[in-house]
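This is what each chain is made of:
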Amino acid sequence: MNATVTNNNHSRTDHTGVTASAPGQRPEQRSSFARVPAAFRLQFAVPSTLIWVPLMVMGLSWAIGVGILLMIDAQIDDRNPIEDPLIAPGAAQATIWCLAFMAAYAASHTFPFSMALSYSRRVYVLGAFLAFGLVSVGFGAFVALGAVIERLTDGLGRHVYVFDAPVFTDSAGILGVSVLGAVLCLFFMLFGFFWAILYRRVSLVNLWIVMIGVVLVLLAWVAVVTLQEGWMSVWLWFLNQTTLTLAAWFGLGVVLLAVLNYALIRKATI
């Protein structure tokens, strides 16, 4: 009787995404997109960067904004809170700038690690942008939560508002201000990411040249608007926008920044 011996060929996958088979078999190449979840998790390797520090800044800025409004309220004896609500929506921007800085910080630290882990630049960008998108959605949800609390308590009993400011919620409600908050967050995170990647793409001197050029362009625009006495038109344009239309405009900026960042990171050095 002839005994037949069967050898089971076992395959394994290494960290580069190549599936190595037994001798004599062709290795199988996994899709690079399979590593996007890992690149996504890389952005949260230090949770304080994109989660805890921005949350603390958000809570602190809200408390400071409400505190200032309550101090103003205490100084106005004849104020009718219902007819004359006090608002400080600018307090919420502290979180946005914090996230912009944290996105730049994350990019400057996680990009070299991603290259050391043999992630492709496309995989890294997708993972980073998905992480920024999740953080932005979370920020929008917290904005909605803060607006709900302020509305249910009638502005903490004195009609003082940071998130539920009537100038924003009158047009599209709490949903509109939540969407605007999320889009603004994503826009400024990509803005911060842009400068971190640009620094790795060009030299420090060229980076300063770009920054000075941007400032000069903005100053030139301000000068032209001032000379043409066009500030009233600019102000009226903003007044005619709703939170959703503003979100749409910033959403266009998000798309442009995403394309620009991807173009830059393809040539960025570690």
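Here is a short report on the structure shown in this document. Keep in mind that this is a model prediction, so the values were computed, not measured.

The next point concerns the packing of aromatic side chains. Enumeration over the complete set of coordinates arrives at 14 aromatic pairs. Relative to F238, the ring of W237 has its centre 5.0 Å away and its plane inclined at 85 degrees; by these criteria the two rings are edge-to-face. By the ring-pair criterion, three or more aromatic residues cluster together here, those being W97, F187, F188, F191, F194, W195 and F250.

In this structure, L50, F129, F132, F163, M189, F193 and I265 are the most contacted members of the largest nonpolar core, which totals 56 residues. Looking at this core, the elements that each hand over two or more residues are α2 (47-75), α3 (93-116), α4 (121-152), α6 (166-201) and α9 (243-265). Of all the elements, α6 adds the most residues to this core, at 16 residues. In contact with F193, other than residues within four places in its own chain, are A103, A104, A107, Y124, A128, F129, F132, N261 and I265. The next biggest cluster of nonpolar side chains, apart from the first, holds five residues, and it includes V36, A39, L42 and V123.

All right, on to α2 then. With 29 residues, α2 ought to run about 42 Å at 1.5 Å a step, and its terminal C-alpha atoms sit 41 Å apart, in line with that. When we look at burial in α2, the residues that qualify are T49, L50, P54, M58, S61, G65, V66, L69 and D73. On the buried face of α2, the contacting elements are β4 (86-87), α3, α4, α5 (155-159), β5 (160-161) and α6.

Moving on to the packing of α2 against α3. Contact pair α2 / α3: the axes reach a minimum separation of 9 Å and the direction vectors enclose 160 degrees. Considering their axes alone, α2 and α3 lie roughly antiparallel with respect to each other. As α2 runs across α3, the sense of the crossing is right-handed. Contact with α2, carried on its side by T49, L50, V53, P54, V57, M58 and S61, involves A94, T95, C98, L99, M102, A103, Y105 and A106 of α3 and no other residues of that element. Along the lines of polarity and charge, the residues of the contact of α2 with α3 split into twelve nonpolar, three polar and no charged.

Cut-off values and rules
Position numbers for residues start from 1 in each chain and track the written sequence from start to end. Owing to the predicted nature of the model, reporting of local features is limited to residues with pLDDT of at least 70; listing and counting of side-chain atom pairs is limited to 80 or more, with chain, interface and lining totals taken over all residues. Here the side-chain values reflect all heavy atoms present in the structure, with hydrogen atoms and water set aside. Under the pairing criterion, centres of Phe, Tyr and Trp rings, with the six-membered ring standing for Trp, must be within 6.5 Å; the plane angle then separates stacked pairs below 30 degrees from edge-to-face pairs above 60, leaving the rest tilted. As used here, the term nonpolar core means buried Ala, Val, Leu, Ile, Met, Phe, Trp, Tyr and Cys residues forming a set that is joined through side-chain atoms within 4.5 Å. Categorising residues by exposure relies on relative accessible area from a 1.4 Å probe, with only protein chains included: less than 20% of the type maximum marks a residue as buried, more than 50% marks it as exposed, and the intermediate range marks it as partly exposed. The secondary structure listing takes helices from DSSP runs of H or I that are at least 4 residues long and strands from runs of E that are at least 2 residues long, numbered from the N terminus. Should any heavy atoms of two residues lie within 4.5 Å, those residues are considered in contact. To estimate the expected span of a helix, subtract one from its residue number and multiply by 1.5 Å. The angle between two axes is taken between their N-to-C directions and runs from 0 to 180 degrees, where each axis is a line fitted to C-alpha atoms and a helix contributes only its stretch in contact. Orientation categories follow fixed angle ranges, with anything under 35 degrees roughly parallel, anything over 145 roughly antiparallel, 65 to 115 roughly perpendicular, and all other angles oblique. For a crossing to be left-handed, the near helix must be turned anticlockwise from the far one by less than a right angle; the clockwise case is right-handed. Each residue is assigned to one of three groups, with Ala, Val, Leu, Ile, Met, Phe, Trp, Tyr, Cys and Pro labelled nonpolar, Asp, Glu, Lys and Arg labelled charged, and all others, Gly among them, labelled polar.

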